[in-house]
Amino acid sequence: MGSYFETVNRIFRDDAVPALAEYVSIRCLSPSFQADWSDLGEIDRAVELIDAWARQRKIPGLSTRVSRIPNRTPALVVTIPGTHTTSGSVLLYGHLDKQPASAPWPIAGDPFVATFVGDLIYGRGVADDGYSCFAALSAIEALASLGVPYPRCTVVIEASEESGSPDLDAHLDALAAEIADTSVVICLDSGGLDFERLWVTTSLRGNLVINVDVKVLDHGVHSGSAGGVVPSSFRILRSLLARIEDATTGEILPQFLRAEIPELHLNRAKMLDQELGDPLSRVFPTVENLELMGSSGSERILNQTWRASLAVIGIEGIPDIQNAGNVLRSHTVAKLSLRIPPNVDAQLAQKELIDLMKSDPPSAASVTVAGEGSAPAQGWVAADLTEPIAEALDVASLEIFGKPAGFCGEGGSIPFLAALGARFPEAQVIATGALGPGSNHHGPDESLRLTSAVAVSVAVAHILAVSI
């Protein structure tokens, strides 16, 4: 295999980075966070920017179009005819929609102004997943300029991933004839445990998002009058959460949210702990002396990637401290995010979870439970890679970092992968990406390490070169 680093690095840093910086300035929030996205036009602005950049690539036969379906976000589709006769084509995936950015950004200041610090570029959406189309096309342009044969490629950049990808299947259905012969799928929306190698994702947890609304009164009442008589909606919510999670240990209790961890992944967690030295203990900005969950580094890796976990990600009905009167409140609403094992059926788990939370409400309070969005996010377990693709990933990692590729699970969810795995059961599915410790996607000071983005692009080039 040849070396592609120099060519890819030049294309990405010289041509892609300026457009990527412009992308940072676009407030293309995902529909779940921006219901009037269509009227605001920010998603369309992002599509137009990336489309214009794509059309400037020096790739023979490249064509672009925007897939538009009524009442759905658009998707950018880039089609590239192959330069080598092959039995299958390659589908490359990314997304351009963003999470909100309301928290203070200590380093970048403004989340919608690209800030460069050394090898890092800060900005909302830059790493998750704005760089993806730029990396994919930089790889193909490099192959074209070097005269290296590559298969036919279709790049799909959607705009609803941060909302659970409710629109993606409709776009894939519209593309069904074009992508029917897909033999390799490359997802560029993942990451790894450090920035010292290329990382390949072996599994992803599923995600259930539900809203639990507990109501005890038609309106708030003086706490001196109602306290001790009317049960607190917050206490009832606490008791409902106790059906899911042990409040002392954080262990998820229902059996339908647990799964046996395959031996391969148990052993891989131990190996990663031995090699990297409890990597997750150094990743997060914890307060001093915080006791982390898990008895060892390998257990923390398994907790993050193969065991369920609960986060209360939103609360309504509770005023802020300055406006808090001495009132027993009428209701409390909690938005729950429950990460579930990769091999648990997300649809069935959500149904059982809703039934568990609604049944026999404490004190006969009014309890309403509903899933959010169109469907829960299904987890995913990667199939074994073919020898040529595994070697291509190692070569790319060695070329840039001097170390072979690393393999690890991810705690987040990429609904696209489960959907594509079902759609193309015989295809090789590779999930990789530039995210790593401190990338802080979804949080303040999200950043993209440019060397890692280039490494991902080089990996794409190597994969395409052997997929013919």
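The coordinates are above.
Because the structure is a prediction, the values reported are computed rather than measured. All residue numbers refer to position in the chain's written sequence, counted from 1. For this predicted model, a pLDDT threshold of at least 70 governs which residues receive local features, and a threshold of 80 or more governs which side-chain atom pairs are given and counted, while totals over whole chains, interfaces and linings are taken from all residues. The side-chain values count all of the structure's non-hydrogen atoms but skip hydrogen atoms and water molecules.

For the purposes of this entry, the term helix denotes a DSSP run of H or I that reaches at least four residues, the term strand denotes a run of E that reaches at least two, and both are numbered from the N terminus. In terms of regular secondary structure, the protein chain is built from 15 helices and 18 strands. C-alpha atoms define the radius of gyration in this analysis, and the globule rule sets the expected value at 2.2 Å times the number of residues to the power 0.38. Relative to its length of 468 residues, the protein chain is compact, with a C-alpha radius of gyration of 23 Å against a globular reference of 23 Å. Relative to its full complement of 468 residues, the protein chain shows a buried share of 52%. Residues are treated as being in contact if the distance between any of their heavy atoms lies within 4.5 Å. A sequence separation of at least 24 residues applies to 81% of the contacts in the protein chain between residues at least 6 apart. With an accessible surface of roughly 20000 Å², the protein chain has 51% of that area assigned to carbon and sulfur atoms. His is not counted, nor are the chain ends; Lys and Arg add positive charge and Asp and Glu add negative charge. A charged residue contributes its charge at one atom only: NZ of Lys, CZ of Arg, CG of Asp or CD of Glu. If you average the places of the 33 positive and of the 56 negative side-chain charges in the protein chain, the two averages end up 2 Å apart. When a residue's accessible area, from a 1.4 Å probe over protein chains only, is under 20% of the maximum for its type it is buried; when over 50% it is exposed; and in between it is partly exposed. Under the convention used here, a 1.4 Å probe and the Shrake-Rupley method define accessible areas, while residue burial counts only the protein chains that appear.

When the charged atoms of two side chains with opposite charge come close together, those side chains can pair. What counts as a salt bridge is simple: a side-chain nitrogen of Lys or Arg found within 4 Å of a carboxyl oxygen of Asp or Glu. Taken as a whole, this structure holds 21 salt bridges when the rule is applied. Residue Arg45 is joined to Glu42 by a salt bridge in which the shortest nitrogen-to-oxygen separation is 3.2 Å. Here the residue Arg45 and the residue Glu42 both occupy positions in helix α3 (residues 42-55), the gap between them amounting to three residues, near one helical turn. Notably, a salt bridge pairs Asp278 with Arg300, separated by 2.9 Å at the nearest N-O pair. Here Arg300 lies in helix α11 (residues 297-305) and Asp278 lies in the loop between α10 (263-276) and α11, a separation of 22 residues in the sequence. Classification of Arg300 by relative accessible area gives buried; the value is 15%.

Looking now at the nonpolar core. Only buried residues count toward a nonpolar core, which is a set of Ala, Val, Leu, Ile, Met, Phe, Trp, Tyr and Cys residues joined through side-chain atoms within 4.5 Å. Counting residues in hydrophobic clusters, the biggest one holds 74 residues, and the most contacted among them are Phe12, Leu137, Ile186 and Leu448. Here this core gets 12 residues from one element, more than from any other, and that element is helix α15 (residues 450-466). In this view, Leu448 contacts Leu20, Asp119, Leu120, Ile121, Val126, Ala127, Tyr131, Ala434 and Ala453; residues no more than four positions away in its chain are not counted. In this structure, Val214, Leu241, Ala349 and Leu353 belong to the second largest nonpolar core, which totals 26 residues.

What follows covers the packing of α10 against α11. Each axis is a line fitted through C-alpha atoms, and for a helix only the stretch in contact is used; angles between axes span 0 to 180 degrees, taken between their N-to-C directions. Remark: α10 packs on α11, axes separated minimally by 8 Å, with the N-to-C direction vectors making an angle of 130 degrees. Viewed along their axes, α10 and α11 adopt a mutual orientation that is oblique. As α10 packs across α11, the resulting crossing turns out to be right-handed. Facing His265, Leu266, Ala269, Lys270, Leu272 and Asp273 of α10, the residues of α11 in contact are Gly297, Ser298, Ile301 and Leu302. Class assignment of the residues belonging to the contact of α10 with α11 gives a composition of five nonpolar, three polar and two charged. Under this scheme an angle from 65 to 115 degrees is roughly perpendicular, one under 35 degrees roughly parallel, and one over 145 degrees roughly antiparallel; angles in between are oblique. Rotating anticlockwise by less than a right angle from the far helix to the near helix defines a left-handed crossing, while the corresponding clockwise rotation defines a right-handed one. Gly is placed with the polar residues, together with every amino acid not listed as nonpolar (Ala, Val, Leu, Ile, Met, Phe, Trp, Tyr, Cys and Pro) or charged (Asp, Glu, Lys and Arg).

A separate point is the side chain of Glu161. As for its position among the elements, Glu161 is in the loop between β6 (153-158) and α6 (168-174). The side chain of Glu161 is buried and forms no salt bridge, while Arg339, the nearest opposite charge, is found at 8.2 Å. With residues up to four places along the chain from it excluded, the contact list for Glu161 reads Tyr93, His95, Asp97, Asp189, Ser413, Ile414 and Pro415.

Bringing the sheet that holds strand β11 (residues 309-316) into the picture now. Paired through their backbone hydrogen bonds, the strands of a sheet run either parallel or antiparallel. Between any two strands, pairing holds if DSSP finds at least two bridges. One open sheet holds the four strands; their spatial order is β11-β13-β9-β14, and the pairing between them is antiparallel. Edge strands, defined here as strands with exactly one partner in the open sheet, are β11 and β14 (366-371). The sheet shows a mean angle of 20 degrees between the axes of neighbouring strands, direction not considered. Here 10 bridges tie strand β9 (residues 206-215) to strand β13 (residues 331-340), and the two strands are oriented antiparallel to one another. Bridging from a neighbouring strand, Leu208 pairs with Leu338 of β13. Sheet contacts for helix α12 (residues 346-358): β9, β13 and β14; angle to β9, the most-contacted strand, approximately 20 degrees.

Here we come to the packing of aromatic side chains. We call Phe, Tyr and Trp rings a pair once their centres come within 6.5 Å, taking the six-membered ring for Trp, and we label the pair stacked below 30 degrees between planes, edge-to-face above 60, and tilted otherwise. Under the defined criterion, the tally for this structure stands at one aromatic pair. A ring pair is formed by Trp53 and Phe134, whose centres lie 4.8 Å apart and whose planes are at 65 degrees; its orientation type is edge-to-face. Linking Trp53 in helix α3 with Phe134 in helix α5 (residues 132-146), this pair joins segments that are 81 residues apart in sequence. Two limits define a charge over a ring: the Lys NZ or Arg CZ must be within 6 Å of the ring centre, and within 35 degrees of the ring normal. Lying over the aromatic face of Trp53, Arg57 brings its terminal NZ or CZ to 4.0 Å of the ring centre. Here the guanidinium or amino end of Arg449 rests over the ring plane of Phe195, the centre of that ring lying 4.2 Å away.

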